[in-house]
Structure formats: structure tokens, C-alpha cells
Amino acid sequence: MKQSVKLVAGNWKMNGLGASLTEVEVLRAALESEPAACRVALCPPATLIERMARAAAGSPIGVGGQDCRAETHGAFTGDVSAAMLRDAGATLVILGHSERRQGHGETDLLVSAKAEAALGAGLEPIVCVGETLQQREAGQAVDVVRSQIMASLPLVLAGRDFAVAYEPVWAIGTGLTPTLEQIEEVHRAVRAAMIERLGPGIAATPILYGGSVKPDNAAEILAVPEVGGALVGGASLRGADFLGIIRGA
Ligand code: PEP
């Protein structure tokens, strides 16, 4: 396993056309003149993966998908398989993002099956977990993420390259973030659950924080114990903003 180096990954969600690839050029040029201290990845919409992989070829920028189907092929209109993402040039894939759990009814069991499929296709899964505001206010944040970890991580992840992203649902796209103490508390609980599920060998697997990470709060969040990187939505769309976050790692 690589690991212990932080991973900063951008999630473009359903944003970006061919013209947006100029942002990759901005990022690429900056990272070539001053290398990042962390691993860097961008996850564009499926339509851009192949073109972004070409734009990033030979650079330190990895390219990922935002979801994949658990099945390898078949009559699943509109879906893409893990092997298709890999074939297009992706090396990572975000799975179980709250926008998929909530908007597409994805369960922990399905996320686990997708993670297994991703590994099988040679992709590094980034498995997302996180509590809703209601669960946070009811004091259930740690219990919720623990149960998501136990059910969303397939046992085959042991010894493999993957990451977990802790993304409180109420912090995504809202400008709100938990306190640094709250982030540390949940990240420690995620680590404990990962070890319980997959054994002590995953002690260095990165646990990313996601939810309103911006250039001005990235450094303090990335310095929190057990924070092994960031999953960034809105602030990853512009190369200059994303770079500001990368420089905080
Ligand atoms: C996300 O969607 O994974 C995310 C963290 O979004 P934002 O950074 O915009 O809150």
C-alpha cells in the first residue's frame, strides 16, 4: 500500500464541459513548477474522464470517476462499469457519496459491492460516509459513520489501496464545517471502525475530510490528527482554488 502521503481529490460533480479542461492545464503547470506535498486527483463527470486523463497524462494529477455500477456489464441503461472508467483512464472512483446515497437510494450494501467491483477493475475506491444534520444534532454522528464503515467496506479492501472520506452531509456545499475537534473525533472513530472491520493493516489508509473545504480553511483541517487528505467539491472547479487547498497539505 502507498498511503501515509495525504490525498487531495476534487469532485466536479455534474459540472464541466470540454472548455473546463483549461483548469487542469492551470493545475498541471503549477504542480510541475512546484510539486505538491500530497497526491492530487480530479474526478470529473464521466464524459470528461478520457479527455482529462489525456490532459493530465505524465503529470501528478490522477483522474477518477464519481460512481460506478457494481456489475461488470449488461442491460443497465445510463450506467458505467468500473472497467469502463479504467478503460477511459481513471485510476480512482468516488463511491457512496451522500448525493448518491440520498438521490439514488444507495445503501451500504450496494456501496460495498461497488467498492469490490472497483478493486476488481484496478481502481482505488474512495468510500464516502457521513451523518446528516439531524443525526449530528441527535448526537449520533459517531454511531452513524461507524455503522456505514462496517457495512460499506468489503473485506477484500484489506491490504489494498483505498481511502475513506468523512463528509458530514450538512457540510457539503453549505459553507458550514464541523469544528476541528469534531473532525478529529469522527476521524478517530472512523479509524477504529476500519481497524475493527479490516484489521490493523489499514492503520495508514487515508481518511479524507470533505465538506466546504476552501483555500482558507484547508491547512488547519489537513493538520488535524487522522485527517489524511480532503475531498473537495466546489473549490476544485477552479485550478487556482484547488491549488490553494493542495498547498495546505
Ligand atoms: C463533496 O461534494 O464531496 C464536497 C465536499 O463538496 P463541497 O466541497 O462543495 O462542500
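Computed from a predicted model, the values in this text were never measured in an experiment. (Residues numbered from 1 in each chain as written. Predicted model: local features only at pLDDT ≥ 70, side-chain atom pairs only at ≥ 80, totals over all residues. Heavy atoms only, no water.)

Q: Can you break down the overall build of the protein chain residue by residue, with the values?
A: For the protein chain, the helix and strand inventory stands at ten helices and eight strands. In terms of overall size, the protein chain behaves like a compact globule, its C-alpha atoms giving a radius of gyration of 17 Å where 249 residues would be expected to give roughly 18 Å. Principal axes of the C-alpha set define a box for the protein chain whose edges measure 45 × 45 × 35 Å. In the protein chain, which comprises 249 residues, the share counted as buried stands at 50%. Here the analysis covers contacts within the protein chain between residues at least 6 apart in sequence; of these, 73% occur between residues at least 24 apart. Across the protein chain, the 21 positively charged side chains and the 27 negatively charged ones have centroids separated by 4 Å. (Helix = DSSP H or I, 4+ residues; strand = E, 2+ residues; numbered from the N terminus. Rg over C-alpha atoms; globule rule 2.2 N^0.38 Å. Buried < 20%, exposed > 50% of the residue type's maximum accessible area, 1.4 Å probe, protein only. Contact = heavy atoms within 4.5 Å. Lys, Arg positive; Asp, Glu negative; His and termini not counted. Charge placed at Lys NZ, Arg CZ, Asp CG, Glu CD.)

Q: Tell me about the layout of surface pockets, and please be specific about residues and values.
A: The space that makes up the largest pocket amounts to roughly 600 Å³. The wall of the largest pocket is formed by 26 residues, among which Gln66, Asp67, Cys68, Arg100 and His104 lie closest to the centre. Elements supplying a minimum of two residues to the lining of the largest pocket: helix 2 (46–56), helix 4 (98–103) and helix 5 (108–120). Looking at side-chain class alone, the lining of the largest pocket contains eleven nonpolar, six polar and nine charged residues. (1 Å grid on protein atoms, 1.4 Å probe; cavity = no way out; pocket = protein on both sides within 12 Å on 5 of 7 lines; lining within 4 Å. Points joined across faces, edges and corners; volume = space filled by probe spheres on them. Nonpolar A, V, L, I, M, F, W, Y, C, P; charged D, E, K, R; others polar.)

Q: So, the environment of alanine 88: which residues are in play, and what are the values?
A: Tracing the backbone through its elements, the reader meets alanine 88 in helix 3 (residues 82–88). Between the alpha carbons of alanine 88 and methionine 52 there is a distance of 9.5 Å; along the sequence they are 36 residues apart. Contacts of alanine 88, omitting those with residues within four sequence positions, involve Ile49, Glu50 and Ala53.

Q: Explain the sheet that holds strand 8 (residues 229–232) residue by residue, including any values.
A: With respect to topology, eight strands assemble into a closed barrel ordered 1-2-3-4-5-6-7-8, the strand pairing being parallel. Across the sheet, the mean angle from the axis of one strand to that of its neighbour is 25°, orientation sign disregarded. Relative to strand 4 (residues 92–95), strand 3 (residues 61–65) runs parallel, the two sharing two bridges. Opposite glycine 64, over in strand 4, you have leucine 92 as the bridge partner. (Pairing = 2+ DSSP bridges. Axes fitted to C-alpha atoms, helices over the stretch in contact; angles between N-to-C directions.)

Q: Can you explain the site of the ligand? Please cite residues and give values.
A: With respect to spatial proximity, 14 residues lie near the ligand, and among them Lys13, Glu167, Gly173, Ser212 and Gly233 are the closest. Between the ligand and glycine 173 there is a distance of 2.7 Å, counted from an oxygen atom to a backbone nitrogen or oxygen. Glycine 233 has a polar backbone atom sitting 2.8 Å from an oxygen atom of the ligand. In the complex, the protein chains occlude 98% of the 290 Å² of accessible area that the ligand would expose alone. Each residue belonging to the shell around the ligand can be placed in one class, and the counts come to four nonpolar, eight polar and two charged. (Near = heavy atom within 4 Å. Polar contact = N/O pair within 3.5 Å; in protein donor to acceptor, adjacent residues only side chain to side chain. Areas by Shrake-Rupley, 256 points an atom, 1.4 Å probe, with all protein chains shown as cover.)

Q: Account for the side chain of arginine 136, with residues named and values stated.
A: Looking at the element boundaries, arginine 136 is found in helix 6 (residues 133–137). With a relative accessible area of 17%, arginine 136 lands in the buried category. A polar contact is formed between the side chain of arginine 136 and the side chain of glutamate 131, at a distance of 3.0 Å. When neighbours within four sequence positions are excluded, arginine 136 is seen to be in contact with Glu131, Ala141, Tyr166, Trp170, Gln182 and Val186.

Q: Outline the pairing of strand 8, supporting the account with residue identities and numerical values.
A: Residues Gly229 and Leu231 point to one face of strand 8 and Ala230 and Val232 to the other, with burial holding for every one of them. Pairing of strand 1 (residues 7–11) with strand 8 involves four bridges; the strand directions are parallel. Each bridged residue has a counterpart across the sheet, and for valine 8 the counterpart in strand 8 is alanine 230. In this sheet, strand 8 lies alongside strand 7 (residues 207–210) in parallel orientation, the contact comprising two bridges. What sits directly across from glycine 210, in strand 8, is leucine 231.

Q: Lay out the environment of valine 190 in plain terms, naming residues and giving numbers.
A: Tracing the sequence through the fold places valine 190 in helix 8 (residues 180–198). Using a relative accessible area of 0% as the deciding quantity, one classes valine 190 as buried. Separated by 133 residues in the primary sequence, valine 190 and alanine 57 place their C-alpha atoms 33 Å from one another. Contact partners of valine 190, with chain neighbours within four places excluded, come to Val145, Ile149, Val164 and Ile207.

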